[in-house]
Amino acid sequence: MTDEIDAEACAKTDAANPDNPNSKNKERERIVDKLIKIAINQSEGNHPDAGGLFHAPNSVAYADIGIGHRRETWPIRSRGFRQWLVRVYYEINRTAPNSEALQTAIGLAEARAVIDGPEREVFVRTGAYGGKLYLDLADENWEAMEIGASGWRIVTNPPVRFRRSAGMRPLRRPVHGGSIEALRSFLNVSSQEEFVVAVCWILAALRNTGPYPVLALSGEQGSAKSTFAILLRYLIDPNVASLRSLPREERDLAISANNAHVLAFDNVSHLSPWISDALCRIATGAGFATRQLYTDMDEVLLDASRPVILTGIVDVVTRADLADRALAIKLEPIEETKRRSERDLMAAFWARAPEILGALLDGMVQGIRELPKVNLQSHPRLADFAEWATACEAAFWPPGTFMKAYESNRHHLNEVALDADLVGTAIEAMMATRIYWAGNPADLLRSLNQIADESQTRSKEWPVNANQLGRSLRRCAPLLRRAGIDVHFAVGGKRTVTLRRLTEYERNSSPSSPTHSATEEKPNDFNQSGHGETNDRRAMGGTREGRASPPGSYPLNDCKKGDTGDTGDTLRPRSVEGRDDGIPASLRRCAHCNKNGELGHVALGDRPMVWLHRECEAAWLERMTITPIPPHSPQSPIDDTARPGTHVGLR
């Protein structure tokens, strides 16, 4: 009995003495209990142990908060959730919780969300659920666009969860009945192909999944590059900071991708190798991990695939891997008489943005319906993007419009990237007068050193040994292949590189994929090519379409010597049974115009034999720096007796 009286007395004493530590601990526990009950019971959810608390696949804790008739989603560690919790606590208790109790409650809520709460995916701006796409309007009512095969509409409390980062601005509410042509007057595009490319990039960026092509806008000062990028972003993911400078490290790029759907970088003058590689990963989807602050064992994982816009005066996409993932638009300068003030332009655009966005959503509806039916004849690097754009194009243009514009755009980017690659440019020049080359990397480097000028060989990007050449050659191999030169690396045994001009059929059927091995057996239409220093190789035929037609269009025959230092060159044709070159007449092409017809052959000294039209002779000889001979002169190297179906050997 005495013990009970003593305990009651102590309790009264603790309650009466505010400085007593036991009294403070109990009061803090009561505040924490109230806060965690609010977090569980008043969040928007019916999970028995966690209420509206849940976690994303990366174990980040979230809470669905019910405010009026809308549902908001906030990370538990965010300022938004903290402010909501303090506000509700004050409405119930008419006092504010202390910071220590609030921090303890947030930690408990986070544990409940991760351990007891369900797992749900959380999106930024765009999401998908149940075969439908969702676009967060980011307005005060937390509404979203629901896009399906039957149409689009504005919904409250969509089935997907969106989170909002600092700087996000609301989209204009779209309206039905708009036309995509309304967008053209705001974009400084000079051709229909460029407009098609821009619209299809927007349609891809409105999806929740990549891969997304990198949009590179270039042009001189006054061509409205920055305005172009801002307008595109306003249609997809408006932000307080619409344009930014390039990040200084990959971690900053990953954080930007984690907090925004569209990344727009302005006034880019050069892309270093690391940022070029990082943009490739962002375009197709990449994960980034870094150590969590104040810990030694935990990591923060960031995983995102995002649309990217680059603006610059010059073409900054010069590496093959990024060029494969990019779209390029060259903007022309705007005349002063046609220039508009930014205030007037943005006001006019803001007024028409609802109908433009509505037209884009109509295109997405068409894409959702037609995507399962799309079957491309060939698949480029960004095959998913090409299929989606092809599925959407019927809402705006005739079938095939997008692929025509896309192939033209890829060809332009390939030329830009190849021009910027020293090794690729040198190989292109070397193969201009050859059909086939085989040898080891050291032999190839010696040949390229003879062709390249001094400014190239002194560049720090020029390879100084065979290993560096091999790395450079693998990097530019896709560019060369699309330019009509196949690059093959032997597997096992001796290190052998084979270069071969592709036929027109090979280029059209698989423009960016490696062709067959150079050592495969070929049809008997073609005879054996020249020997290298150590290995025999079989030459394979091909015409090369590109920036210049080569002097020879088809493989030549067995030879036993080549240029000094050029292992594997195919030179000096030998006739079959002393009469012809072994190439069927139906396959012959003029070395100057690359067309069939009545051809004669030219054989000058040690040069390979080529086939020419009579009228093309003078132009070809001039291009080859050979003194032209009048076409009907007795000294003309063209043999008048050579016609399709007949064969005349070397003289």
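Refer to the structure presented above.
These numbers come from a predicted model, not from an experiment.

**As for the packing of aromatic side chains**
Then comes step 1: Within this structure, the stated rule accounts for ten aromatic pairs.
Then comes step 2: An angle of 80° between the planes, with centres 5.4 Å apart, marks the rings of Phe-186 and Phe-349 as edge-to-face. Placement of Phe-186 in the loop between strand 9 (161-162) and helix 5 (192-205) and of Phe-349 in helix 10 (residues 342-370) is noted, with a sequence separation of 163 residues between them. Across the pair, Phe-349 and Phe-186 agree in class, each one buried.
Then comes step 3: In textbook terms, an aromatic cluster arises when at least three aromatic residues are bridged by ring pairs, as seen for Phe-385, Phe-402 and Tyr-406.
Then comes step 4: Over the ring of Phe-54 we find Arg-120, and its NZ or CZ is 5.0 Å from the ring centre.
Then comes step 5: Here the guanidinium or amino end of Arg-164 rests over the ring plane of Trp-142, the centre of that ring lying 3.8 Å away.

**A closer look at the packing of helix 7 (residues 250-259) against helix 8 (residues 273-284)**
Then comes step 1: Orientation of helix 7 relative to helix 8, taken along the N-to-C sense of each, is 25°, at an axis distance of 11 Å. Accordingly, the angle class assigned to the pair helix 7 and helix 8 is roughly parallel. For the crossing formed where helix 7 meets helix 8, the hand is right-handed. On helix 8, the residues that touch Glu-250, Leu-253 and Ala-257 of helix 7 are Trp-274, Ile-275, Ala-278, Leu-279, Arg-281 and Ile-282.
Then comes step 2: The residue inventory of the contact of helix 7 with helix 8, partitioned by class, reads seven nonpolar, no polar and two charged.

**Quick notes on the packing of helix 13 (residues 422-430) against helix 14 (residues 441-451)**
If you want to describe how two helices pack, look at the angle between their axes and the distance between the axes.
Then comes step 1: Running from amino to carboxyl end, helix 13 crosses helix 14 at an angle of 85°, the nearest separation of the two axes being 10 Å. On the basis of the axis angle, helix 13 is roughly perpendicular to helix 14. Two secondary-structure elements touch here, helix 13 through Val-423, Ala-426, Ile-427, Ala-429 and Met-430 and helix 14 through Leu-444, Ser-447, Leu-448 and Ile-451.
Then comes step 2: The class makeup of the residues in the contact of helix 13 with helix 14 is eight nonpolar, one polar and no charged.

The rules we used
Residues numbered from 1 in each chain as written. Predicted model: local features only at pLDDT ≥ 70, side-chain atom pairs only at ≥ 80, totals over all residues. Heavy atoms only, no water. Phe/Tyr/Trp six-rings, centres within 6.5 Å; stacked < 30°, edge-to-face > 60°. Helix = DSSP H or I, 4+ residues; strand = E, 2+ residues; numbered from the N terminus. Buried < 20%, exposed > 50% of the residue type's maximum accessible area, 1.4 Å probe, protein only. Lys NZ or Arg CZ within 6 Å of the ring centre and 35° of its normal. Axes fitted to C-alpha atoms, helices over the stretch in contact; angles between N-to-C directions. Parallel < 35°, antiparallel > 145°, perpendicular 65-115°, else oblique. Left-handed = near helix turned anticlockwise from the far one by under 90°. Contact = heavy atoms within 4.5 Å. Nonpolar A, V, L, I, M, F, W, Y, C, P; charged D, E, K, R; others polar.

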